[in-house]
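# A closer look at the structure
Listed below, chain by chain, are the residues.
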Amino acid sequence: MSDAFGPEYRRALSDYLVGAGEAALQRAHQLGRKAMAAGLGVLDVAAIHHESLQEVWRRMGSDRDAGGVMKQAGDFLRESLSAFEITHRGYQEANVLLRHALEFAAVVCHELRTPLTSIQASTGLLQEILTPDPAGNVGRLLANVLHGASALNARMNDLVDMAGFQSGSLSIHLERVAPGQLLRRLCEQLEPEARRAGVELGLNLLDDPAWIQADPRRLEQVISNLVHNALKFAADGGRIDIHAREMEGHLVIEVQDYGKGIPAQDQGRIFQPYVRVHPQRQRVPGFGIGLALCRQLVHAHHGRIWVVSEAGKGSAFKFTLPLDGAARLGGTS
Ligand code: ADP
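Residues numbered from 1 in each chain as written. Predicted model: local features only at pLDDT ≥ 70, side-chain atom pairs only at ≥ 80, totals over all residues. Heavy atoms only, no water.

Bringing the pairing of strand β5 (residues 250–257) into the picture now. Put simply, side chains in a regular strand alternate between the two faces of the sheet. Most of β5 is tucked away: seven of the eight residues are buried. With eight bridges joining them, strand β4 (residues 239–247) and β5 adopt antiparallel strand pairing. Within the sheet, the bridge partner assigned to Asp241 lies in β5 and is Gln256. The hairpin turn running from β4 into β5, its antiparallel successor, is two residues long, and Glu248 in that turn takes a positive phi close to 45°. Bridging between β5 and strand β7 (residues 314–322) involves seven bridges; their strand directions are antiparallel. Directly across from Ile253, in β7, lies its bridge partner Phe319. (Buried < 20%, exposed > 50% of the residue type's maximum accessible area, 1.4 Å probe, protein only. Helix = DSSP H or I, 4+ residues; strand = E, 2+ residues; numbered from the N terminus. Pairing = 2+ DSSP bridges.)

Shown next, in the form of structure tokens:
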């Protein structure tokens, strides 16, 4: 942000907002335009407006009507830029901020990976050396450490991947994949975790679906993210069902739970980064980037992802992947 005119602009704007009249308004406009010409961004302007408002609140107490002050503060931006420009520049600036935040998070994750890998390796070795009874204290404690470390690892990988998408350095490698085999293998891997959470994991494949073009590791990442979310919100003693079926040249994979569900007004927002709709006090772990990453990965596969959900009844997360061709599993490949 250019600070050449920022502080003066903030002062002039505050003067105008406390009622210093037309001359103060003209001065604020003039300084604001100079500042924008010198590289001040839309978000910087918004931040200055915010700070000026706070100063006004301090100077005037609660005498002034909030809506009126907000309107006056918005006049400058509206007069200087079209609504489209404001939105477009604000979006670009927000993306740069997001990229920087993610790059920072990715660097932190890289640093944390080395000690985490040694925790995982040493705990695995301890399990081999001690061969404890899995139901005994030592066995359960070692399993807890391994489970916690792998959950942490998965979350850090999500952050690193999200940063990769944002900077354009993450790419996917498509190959011919038999989705039935992939789903069966993945469910076997996820099953012990589901069992530990007291949830039954069902895979429903009437026939083996046709081959698809996918990056198998990334596809597993999407499904496993959705299953982990479902596990977090599934009702105790409940179940999660995974379905896969062909529809109009696509494979549709669906992860259905019968848990908390998502209120209608939040369903459109949950695929945005950092959006978490359940109150913090419910202490559900997560960063709010799992679904944003799923959406990026599905889009990279030329598919789409959406949710059908009802609060209190559960959620079905569905996504499509293009079929590879007419060949069917077990047929010609
Ligand atoms: P995280 O799980 O780390 O919070 P996500 O991006 O995966 O981040 O999910 C965003 C939010 O969407 C969650 O915090 C939760 O509020 C909601 N959500 C996701 N999956 C489900 C689900 N299966 N049932 C209910 N709410 C869900």
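Here we take up the site of the ligand. Close to the ligand lie 20 residues, the nearest being Asn229, Lys232, Arg276, His278 and Leu291. Residue Gly290 places a main-chain N or O atom 3.3 Å away from an oxygen atom belonging to the ligand. Alone, the ligand offers 530 Å² of accessible surface; in the complex the protein occludes 97% of this. Contributing elements (two or more residues each) for the shell around the ligand: α8 (216–233), α9 (290–300) and β7. In terms of residue class, the shell around the ligand is made up of ten nonpolar, seven polar and three charged. (Near = heavy atom within 4 Å. Polar contact = N/O pair within 3.5 Å; in protein donor to acceptor, adjacent residues only side chain to side chain. Areas by Shrake-Rupley, 256 points an atom, 1.4 Å probe, with all protein chains shown as cover. Nonpolar A, V, L, I, M, F, W, Y, C, P; charged D, E, K, R; others polar.)

This part is about the layout of surface pockets. A volume near 220 Å³ is recorded for the second largest pocket. Contributing to the lining of the second largest pocket are 13 residues, with Asn95, Leu98, Pro273, Arg295 and Gln296 lying nearest its centre. Among the secondary structure elements, those contributing two or more residues to the lining of the second largest pocket are α5 (83–130), α6 (137–167) and α9. Here the lining of the second largest pocket gets four residues from one element, more than from any other, and that element is α9. (1 Å grid on protein atoms, 1.4 Å probe; cavity = no way out; pocket = protein on both sides within 12 Å on 5 of 7 lines; lining within 4 Å. Points joined across faces, edges and corners; volume = space filled by probe spheres on them.)

Right, let's talk about the packing of α8 against α9 for a bit. Here α8 crosses α9 at 150°, and the two axes come no closer than 10 Å. Taken together, the axes of α8 and α9 are roughly antiparallel relative to one another. Once α8 is placed against α9, the crossing between them reads as left-handed. Across the interface between the two elements, Arg218, Gln221, Val222, Asn225, Leu226 and Asn229 from α8 touch Gly290, Leu291, Leu293, Cys294, Leu297 and Val298 from α9. In terms of residue class, the contact of α8 with α9 is made up of seven nonpolar, four polar and one charged. (Axes fitted to C-alpha atoms, helices over the stretch in contact; angles between N-to-C directions. Parallel < 35°, antiparallel > 145°, perpendicular 65-115°, else oblique. Left-handed = near helix turned anticlockwise from the far one by under 90°. Contact = heavy atoms within 4.5 Å.)

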